[in-house]
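Chain by chain, the residues:
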Amino acid sequence: MLRSHYSNEVSKKDYGKKIRIAGWIEDIRNLGGIAFIILRDRAGRMQITAIKKQNPELFKEIVSLTRESVISAYGICQQNSKVMNGWELLLEEMEVLAKAETPLPMGVIDKVNVDFDTRLDNRIIDLRRDEVKAIFMIRHSFIHYASDFLRKKGFVEVHTPKISASSSEGGTEVFKIDYFGRDAFLVQSPQLYKQMLMASGLDRVYEIAWYFRAEEHDTSRHLNESTAIDIEMAFIESEEDVMKVAEELTDYAIQKILDENSEELDALHVEVDLPSLPYPRISYDEVVEILQKEIDFKWGDDLGTDEENLLAKHLDYELYFIKDFPLEAKPFYAMPSGKYARAFDLEYKGMEIASGAQRIHDYSLLVQRMNELGMKTENFEDYLKAFRYGMPPHGGFGYGIERFLMRFLNLKNIRECILFPRDRKRLRP
Ligand code: ATP
Ligand code: MG
């Protein structure tokens, strides 16, 4: 291997021994007879010290390297309390693995502000910065611990099609593609498939899913390609069973991230108070009452960004559910209860991060609801078929991964939370 230790793997027992480290040259300070090179790897930074008179050729080679060039360096690991980490590598041999061109399209350690578009255009270099890498290390943890939680609760991981003959939810915000001369669509969510699976006997499924939505708007909280944790569970008594999974998953993942990612949270200057369970539940009717004190808002109106923000200002908590929405505000598959839907949104600091519901499991009620909404049932033949041969009561949610991270890490733009964002303008890199 080109590396024997990551920067954080070197310990006292390695002092005096030969080790091999590898990474990107972040900085070079050449003092004439001695040079200090800061090398960066995934775990952090370390110092390489090169002494001219020990090996003039090697000294010349390393001090002439450009910033961000990649090397593997070999030498004695020497204790030095004045150096970061308490040790340095006294250079004996070096392999230059890749030279970086100059100038760099953006700096890695420079404090100058780079605009967001330049950062995204050069995402690979952007990711070399601690505070950017930290987002994706925390994202990694979030998905890992959410899956861990769901598996412990008996959920089975599934993967459903992303190309489909019908649009997922009957909406218009779909991407149409050419499928060998036929029209097909990128799915907006796994909604229809995960519901169909409830008739399979798998009982509890989850998917780390891609959503493709041709959203008209260009906002700081919408992507055209986003990821979510989708779950569906059968034999529920009500939407409360689903909400319990959503809040416990959130609580578990936050606790684990606090335990395991303190370095990354520090890099992002994030301090988190763990909210206690259960998260408060507010009914849509209560929301209307609160909003009507300040703005013109009618029962039945949708809660947009402004309304969600206004509501958050009136509440003393960060994570809460809004439930019992007007039936019209929720999709056709939500279980009706009079003029309400047995549906909920999980809100985090004034933004929806998840939506869920108990679903309709009765075939004739489902067809009736679709007809009421003027939907063409013939476009949903396969979906509806699953309801005709034994479909248990069920419910689930879709939980936006980027939305969660954006709120958890107090980031202003959802594009920060996905490696290569797709929005109305951006199709590259
Ligand atoms: P919103 O009203 O905030 O646009 P939605 O109600 O249309 O969201 P749902 O269909 O309920 O979204 O999707 C479930 C979850 O997926 C949302 O709560 C959100 O966290 C996430 N999500 C949905 N659309 C997007 C998107 N375009 N970009 C990023 N995340 C999204
Ligand atoms: Mg929603």
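Residues numbered from 1 in each chain as written. Chains lettered and ligands numbered in written order. Predicted model: local features only at pLDDT ≥ 70, side-chain atom pairs only at ≥ 80, totals over all residues. Heavy atoms only, no water.

### Here we look at the overall build of the chain
Argument step 1. Check the secondary structure of the chain and you find twelve helices and 17 strands.
Argument step 2. Taken along its principal axes, the extent of the C-alpha atoms in the chain is 85 × 55 × 40 Å.
Argument step 3. Sorting the 429 residues of the chain into buried and exposed places 50% on the buried side.
Argument step 4. Long-range contacts, defined here as pairs at least 24 residues apart, represent 65% of the contacts in the chain between residues at least 6 apart.
Argument step 5. For the chain, the accessible surface area stands at approximately 21,300 Å², while carbon and sulfur atoms represent 48% of it.
Argument step 6. Side-chain charges in the chain split into 58 positive and 73 negative, and the spacing between the mean points of these groups amounts to 6 Å. (Helix = DSSP H or I, 4+ residues; strand = E, 2+ residues; numbered from the N terminus. Buried < 20%, exposed > 50% of the residue type's maximum accessible area, 1.4 Å probe, protein only. Contact = heavy atoms within 4.5 Å. Areas by Shrake-Rupley, 256 points an atom, 1.4 Å probe, with all protein chains shown as cover. Lys, Arg positive; Asp, Glu negative; His and termini not counted. Charge placed at Lys NZ, Arg CZ, Asp CG, Glu CD.)

### Comments concerning the site of ligand 1
Argument step 1. Every one of the 15 residues lining ligand 1 counts as a neighbour, but Glu215, His222, Leu223, Glu352 and Ile353 are closest to it.
Argument step 2. In this structure, an oxygen atom belonging to ligand 1 sits 3.5 Å away from a side-chain N or O atom of Arg221.
Argument step 3. Broken down by secondary-structure element, the contributors of at least two residues to the shell around ligand 1 are strand E16 (351-358) and strand E17 (394-400).
Argument step 4. In the shell around ligand 1, the residues fall into five nonpolar, five polar and five charged. (Near = heavy atom within 4 Å. Polar contact = N/O pair within 3.5 Å; in protein donor to acceptor, adjacent residues only side chain to side chain. Nonpolar A, V, L, I, M, F, W, Y, C, P; charged D, E, K, R; others polar.)

### What about the coordination of the magnesium ion (ligand 2)?
Argument step 1. Bound to the magnesium ion (ligand 2) are the protein donor atoms Glu352 (OE) and Ser355 (OG), situated 2.2 to 2.3 Å from the metal.
Argument step 2. On the accessibility criterion, Glu352 (25% relative accessible area) is partly exposed. (Donors = N, O, S within 2.8 Å, 3.2 Å for Na, K, Ca; no water.)

### Some details on a nonpolar patch on the surface
Argument step 1. Nonpolar side chains collect at one region of the surface, where Ile124, Leu419 and Phe420 lie side by side and expose about 260 Å² of accessible area between them.
Argument step 2. In this fold, Leu419 is placed in the segment after helix H12 (401-408).
Argument step 3. Owing to a relative accessible area of 36%, Leu419 belongs among the partly exposed residues under this scheme. (Patch = residues over 30% accessible without salt bridge, like charges linked within 9 Å, V, L, I, M, F, W, Y side chains within 5 Å. Salt bridge = Lys/Arg side-chain N within 4 Å of Asp/Glu carboxyl O.)

### With respect to the packing of aromatic side chains
Argument step 1. Counted under the stated rule, the structure contains 20 aromatic pairs.
Argument step 2. Of the aromatic side chains, those joined through ring pairs into one cluster are Phe142, Tyr348, Phe397, Tyr399, Phe404 and Phe408.
Argument step 3. The positively charged end of Lys339 is found above the aromatic ring belonging to Trp299, 4.2 Å away from the centroid. (Phe/Tyr/Trp six-rings, centres within 6.5 Å; stacked < 30°, edge-to-face > 60°. Lys NZ or Arg CZ within 6 Å of the ring centre and 35° of its normal.)

### Digging into the sheet that holds strand E8 (residues 175-179)
Argument step 1. The sheet built from three strands is open, its strands ordered E7-E9-E8 with antiparallel pairing. Every other strand in the sheet has two partners, leaving strand E7 (163-164) and E8 as the edge strands with one partner each.
Argument step 2. As paired elements, E8 and strand E9 (residues 182-186) share five bridges and run antiparallel to each other. When the bridges of E9 are listed, Lys176 appears paired with Phe185. (Pairing = 2+ DSSP bridges.)

### Description of the sheet that holds strand E5 (residues 87-98)
Argument step 1. Spatially, the five strands close up into a barrel ordered E1-E2-E3-E5-E4, and their pairing is mixed. Within the sheet, the average angular offset between the axes of one strand and its neighbour, ignoring direction, is 55°.
Argument step 2. Bridge count for strand E4 (residues 70-79) against E5 is ten bridges, and the pairing is antiparallel. When the bridges of E5 are listed, Ile76 appears paired with Leu90.
Argument step 3. Set on the sheet, helix H1 (residues 56-63) makes contact with strand E1 (18-30), strand E2 (34-41), strand E3 (44-51), E4 and E5; between it and E5 the angle comes to about 70°. (Axes fitted to C-alpha atoms, helices over the stretch in contact; angles between N-to-C directions.)

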